[in-house]
Amino acid sequence: MRIAGMLFLVLFILTAPAYGADIRPVVTEVTDQRSTGQFFNNLKIKIKLLGDDASSIRAIRTSVSKAVDDTGRKLLTDEKKDGQFETVQEGSGHAETTLKLKNPARKATVVAEIAGEIELFMPDRDPAATVLIGGILKKTGKPLDVPSLAKAGVKVTVLTRKEYESLKKAEEKKAKADKGLEQLAVKVFAGLFGAFSQVGDNDVVMKINDPSANLINIDTVDKEGVEINSSGRMTFHNCVILKYDKALPSDARLRIFLKTKKSVVSEPFRLVDVALP
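Throughout what follows, the structure given in this document is the object of discussion. Not measured: the values here are computed from a predicted model.

1. A look at the overall build of the chain
And then number 1: Looking only at helices and strands, the chain has 3 helices and 15 strands in total.
And then number 2: Put simply, the chain has 277 residues, and 42% of those count as buried.
And then number 3: For the chain, the proportion of contacts with a sequence separation of at least 24, taken over those separated by at least 6, is 75%.
And then number 4: A total of about 15700 Å² of accessible surface is found on the chain, and carbon and sulfur atoms cover 51% of it.

What follows is the structure, given as structure tokens:
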């Protein structure tokens with residue numbers, strides 16, 4: 001594999017968008033990665049968001065509608081967008097995202113233009129965007145009865161280990177019974193389910209039903225509202241597993257971030273003459 005190089009710079013977006021917040025997007029890193037095979041070939045452009053309101057950003061989603069280098073080569077990929085927000089860790093100060101494009105021409109010196117839209121999830125702007133639920137370990141086996149979740153069309157069911165194991169068996173049985181799946185695919189499905197979804201004694205398992213994609217993120221907080229750091233997160237099929245090294249305190253609460261009209265700021269962005277390594 002040959003990596004064409006990595007370039008660190010700070011380039012302000014030349015057409016400063018009116019985000020309705022003090023946000024200054026900048027390009028901080030450009031990586032043109034190439035290989036002799038068909039995989040791992042891409043151009044990555046990292047964007048960091050600075051400004052007084054940057055600390056309020058909890059998730060970012062970008063879509064690129066135009067990308068072209070100075071030779072005229074179009075750099076948009078054929079990959080379909082999954083529509084999911086990239087979460088930002090609370091208090092990290094790293095509100096950033098990475099644009100993934102096709103490799104530019106070898107003789108190109110800059111990406112002449114990148115245009116698209118950026119969406120910022122800022123839950124502080126709408127109290128309805130944050131849902132706190134206590135006593136979660138005692139509310140297992142059926143969807144949490146919370147009006148705000150119902151209004152958003154989101155169902156969250158906390159599962160015990162036994163309930164989760166039953167769900168796993170049911171899903172595996174369903175996959176094997178699906179005549180449209182090749183036998184190999186069935187084996188891979190079952191193997192991944194087992195390998196990546198083991199539940200420990202302190203873990204929290206949730207089944208998620210979110211057909212409108214309104215759930216941005218889900219975690220746990222202590223009685224003061226401070227996030228309880230997990231040792232890992234696994235998302236497989238329609239379940240989320242939050243892993244913890246020790247048992248959650250009895251007063252721990254589930255925190256669910258929901259997308260609302262007031263909590264999402266959406267604006268067009270445009271980058272010009274982004275230097276290539």
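Back to the text.
2. Some words on the sheet that holds strand E9 (residues 155–159)
And then number 1: Read from one edge of the open sheet, 4 strands run E9-E10-E13-E12, paired in antiparallel fashion. In this open sheet, the two edge strands, each paired with only one partner strand, are E9 and strand E12 (232–236). Ignoring strand direction, the axes of neighbouring strands in this sheet form an average angle of 20 degrees.
And then number 2: Alignment of strand E10 (residues 204–209) against strand E13 (residues 239–243), held across 4 bridges, turns out to be antiparallel. Each bridged residue has a counterpart across the sheet, and for Met206 the counterpart in E13 is Val240.

3. A few points about the pattern of salt bridges
And then number 1: Under the counting rule described, the total for this entry stands at 8 salt bridges.
And then number 2: Put simply, Arg255 and Asp219 hold a salt bridge, and the shortest N to O gap is 3.0 Å. Here Arg255 is found in strand E14 (residues 253–258), whereas its partner Asp219 is found in strand E11 (residues 215–221), with 36 residues between them in sequence. One exposure class covers both Arg255 and Asp219, and it is buried.
And then number 3: Among the charged side chains, a network of salt bridges with common partners joins Lys66, Glu113 and Arg270.

4. Focus: the nonpolar core
And then number 1: Counting 29 residues, the largest nonpolar core has Ile45, Leu49, Ile57 and Ile114 as its most contacted members.
And then number 2: Mapped onto this core, the elements with two or more residues apiece are strand E2 (24–34), strand E3 (42–50), strand E4 (59–69), strand E6 (96–101), strand E7 (110–121) and strand E15 (264–275).
And then number 3: Once you skip the residues sitting within four places of it in the chain, Leu49 turns out to touch Ile23, Arg24, Pro25, Ala54, Ile57, Ile60, Ala95, Ile118 and Leu120.

5. Describing unusual backbone geometry
And then number 1: Within the chain, Ala213 stands out as a residue other than glycine whose phi angle is a positive 55 degrees.
And then number 2: With respect to the secondary-structure elements, Ala213 resides in the loop between E10 and E11.
And then number 3: Despite not being glycine, Asp273 shows a phi value in the positive range, around 50 degrees.
And then number 4: Inspection of the secondary structure puts Asp273 in strand E15.

6. Notes on the environment of Leu149
And then number 1: You can see Leu149 is positioned in helix H1 (residues 147–152).
And then number 2: Put simply, Leu149 and Asp210 are 61 residues apart on the chain and 9.8 Å apart in space, counted from C-alpha to C-alpha.
And then number 3: Residues in contact with Leu149, not counting those within four places in the same chain, are Val131, Ile133, Leu144, Val154, Val156, Ile256 and Leu258.

7. Structural notes on the sheet that holds strand E8 (residues 130–134)
Backbone hydrogen bonds are what pair the strands of a sheet, in a parallel or an antiparallel way.
And then number 1: Read from one edge of the open sheet, 3 strands run E8-E14-E11, paired in antiparallel fashion. Each having just a single partner strand, E8 and E11 make up the two edges of the open sheet. This sheet shows a mean twist of 20 degrees between the axes of neighbouring strands, independent of strand direction.
And then number 2: In this sheet, E14 lies alongside E8 in antiparallel orientation, the contact comprising 5 bridges. Pairing of Val131 across the sheet is with Ile256, part of E14.

8. Brief notes about the pairing of E14
And then number 1: Across the 6 residues of E14, 5 count as buried, placing the element largely inside the fold.
And then number 2: Pairing analysis gives 6 bridges linking E11 to E14, with the strands arranged antiparallel. Across the sheet, Asn217 pairs through a bridge with Phe257, a residue of E14.

Cut-off values and rules
Residues numbered from 1 in each chain as written. Predicted model: local features only at pLDDT ≥ 70, side-chain atom pairs only at ≥ 80, totals over all residues. Heavy atoms only, no water. Helix = DSSP H or I, 4+ residues; strand = E, 2+ residues; numbered from the N terminus. Buried < 20%, exposed > 50% of the residue type's maximum accessible area, 1.4 Å probe, protein only. Contact = heavy atoms within 4.5 Å. Areas by Shrake-Rupley, 256 points an atom, 1.4 Å probe, with all protein chains shown as cover. Pairing = 2+ DSSP bridges. Axes fitted to C-alpha atoms, helices over the stretch in contact; angles between N-to-C directions. Salt bridge = Lys/Arg side-chain N within 4 Å of Asp/Glu carboxyl O. Core = buried A, V, L, I, M, F, W, Y, C linked by side-chain atoms within 4.5 Å.

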